[in-house]
Amino acid sequence: MVRKILLTALLTGVLFIQDANAQGIDFGLSLNGGFPQGSFKNNVESNGFGFDAVIGYNLPRMPVTVGLNLGYINYGSSSRFESFSPNIPEVTVRVKTTNNILTTHLFTRLEAPVGPVKPYVDGLVGFNYLFTESKVTDDDFEEPIASTTNFDDAAFSYGVGTGLKIKLGESVNAENGRLARWYLDLRARYLLGGEAEYLREGSLQRSGSTLIFDTRRSKTDLLTFGVGFSVEF
């Protein structure tokens, strides 16, 4: 599921780039803090951290950008060490379980077209994909040996955002003469998420060889804050 979403995002980005003219693309990366709200906060009881990527197309002669926003937030994890097998107790591996949210939204942005400081507002619609994943990794190098998605669900999501882009500089490509402008990007978003079932940290328990799922169900509202960089070209 996650691979399909990432592939879709990549293909969408390629289409944006192919169709854009000069100064038509806006691409950004940021580190995010995710703060569950309402009943989601009561169930999860912890905040999350992650990153997101934005790719947009600036409509010609309009202060409007449309595009795709893909984000990842981890809101809990636990790990333990186990013998590689009953017959090889001398070798141990790490079993790590993480609780995650993949946010995928289409957005429309109204943004100041020029200037060293460019405020903007976003309208977003998409979905939240919540999944709990377990991985077996090498103890020394954290190399993944095996992994599985233990539990997942998805919910419709929409919201609003605001941000501020502060110009850091610009450069010109010597080969094609294309101008690129670089910005510090500060943003905040409130996303209203529909109901979904999910696990929180410690919700996946073992009884012998049997897994016990202590699932929760609620709306999946999120408040996020991000700090990153963006480039227009």
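Cut-offs and rules
Residues numbered from 1 in each chain as written. Predicted model: local features only at pLDDT ≥ 70, side-chain atom pairs only at ≥ 80, totals over all residues. Heavy atoms only, no water. Helix = DSSP H or I, 4+ residues; strand = E, 2+ residues; numbered from the N terminus. Buried < 20%, exposed > 50% of the residue type's maximum accessible area, 1.4 Å probe, protein only. Contact = heavy atoms within 4.5 Å. Areas by Shrake-Rupley, 256 points an atom, 1.4 Å probe, with all protein chains shown as cover. Phe/Tyr/Trp six-rings, centres within 6.5 Å; stacked < 30°, edge-to-face > 60°. Lys NZ or Arg CZ within 6 Å of the ring centre and 35° of its normal. Patch = residues over 30% accessible without salt bridge, like charges linked within 9 Å, V, L, I, M, F, W, Y side chains within 5 Å. Salt bridge = Lys/Arg side-chain N within 4 Å of Asp/Glu carboxyl O. Pairing = 2+ DSSP bridges. Axes fitted to C-alpha atoms, helices over the stretch in contact; angles between N-to-C directions. pLDDT = per-residue confidence, 0-100.

### Things to note about the overall build of the protein chain
Summing up its helical and strand segments, the protein chain has two helices and 12 strands in all. The helix and strand sequence of the protein chain, counted from the amino end, reads α-β-α-β-β-β-β-β-β-β-β-β-β-β. Burial statistics for the protein chain: of 233 residues in total, 41% are counted as buried. Put simply, 67% of the contacts in the protein chain that link residues at least 6 apart link residues at least 24 apart. Entry remark: accessible area of the protein chain is about 12,800 Å², with carbon and sulfur atoms responsible for 60%.

### Remarks on the packing of aromatic side chains
Tallied over the entire structure, the rule returns seven aromatic pairs. Measuring from centroid to centroid gives 6.3 Å for Phe-40 and Tyr-75, while their planes differ by 70°, and the two rings are edge-to-face. Of this pair, Phe-40 sits in helix α2 (residues 38-44) while Tyr-75 sits in strand β3 (residues 64-85), and the two are 35 residues apart along the sequence. Comparing Phe-40 with Tyr-75, the two get one shared label, buried. Taking 5.2 Å as the distance between ring centres and 20° as the angle between the ring planes, the aromatic pair formed by Tyr-129 and Phe-131 counts as stacked. The pair Tyr-129 / Phe-131 is uniform in exposure class, with both members buried. Through a chain of ring-to-ring contacts, the aromatic side chains of Phe-40, Tyr-75 and Tyr-198 assemble into a single cluster. Between Arg-109 and the ring centre of Tyr-120, over which it is positioned, the NZ or CZ distance is 3.9 Å. The ring centre of Tyr-183 lies 5.1 Å from the NZ or CZ of Lys-165, which sits over that ring.

### Quick word on a nonpolar patch on the surface
Among the surface-exposed residues, Leu-106, Val-125, Phe-156, Tyr-158, Val-160, Tyr-190 and Leu-192 lie close enough to one another that they form a single nonpolar patch of about 660 Å² accessible area. A per-element tally of the nonpolar patch places strand β6 (residues 144-172) first, with three residues. Looking at the secondary structure, you find Val-125 in strand β5 (residues 117-138). Judged by relative accessible area, which is 39%, Val-125 ranks as partly exposed.

### Considering the pattern of salt bridges
Taken as a whole, this structure holds 16 salt bridges when the rule is applied. As a salt-bridge pair, Arg-109 and Asp-26 come within 3.9 Å of each other at their nearest N and O atoms. Of the two residues, Arg-109 is situated in strand β4 (residues 88-111) and Asp-26 in strand β1 (residues 25-36); the sequence distance between them amounts to 83 residues. Like Asp-26, Arg-109 is buried. For Glu-232, the salt bridge is made with Lys-118, and the minimal N-O distance between the two is 2.7 Å. Pair noted here: Glu-232 is in strand β12 (residues 222-232) and Lys-118 is in strand β5, with a separation of 114 residues, a long-range link.

### Notes on the sheet that holds β5
With antiparallel pairing, the eight strands of this closed barrel are ordered in space as β1-β2-β3-β4-β5-β6-β7-β12. Between one strand axis and the next, the sheet turns through 25° on average, direction left out of account. As paired strands, strand β2 (residues 48-58) and β3 are joined by 10 bridges and run antiparallel to one another. In the strand pairing of β3, Gly-56 is matched with Gly-67.

### With respect to the side chain of Thr-224
Within the fold, Thr-224 resides in strand β12. Setting aside chain neighbours within four positions, we find Thr-224 in contact with Gly-33, Gly-34, Ile-73, Arg-187, Ala-188 and Arg-189.

### Points about the confidence of the model for the protein chain
The share of residues in the protein chain with pLDDT of 70 or more is 87%, and the mean pLDDT across the chain is 85. Note on residues 13-22: pLDDT under 50 across the span, and 18 contacts to partners over four residues away in sequence or across chains.

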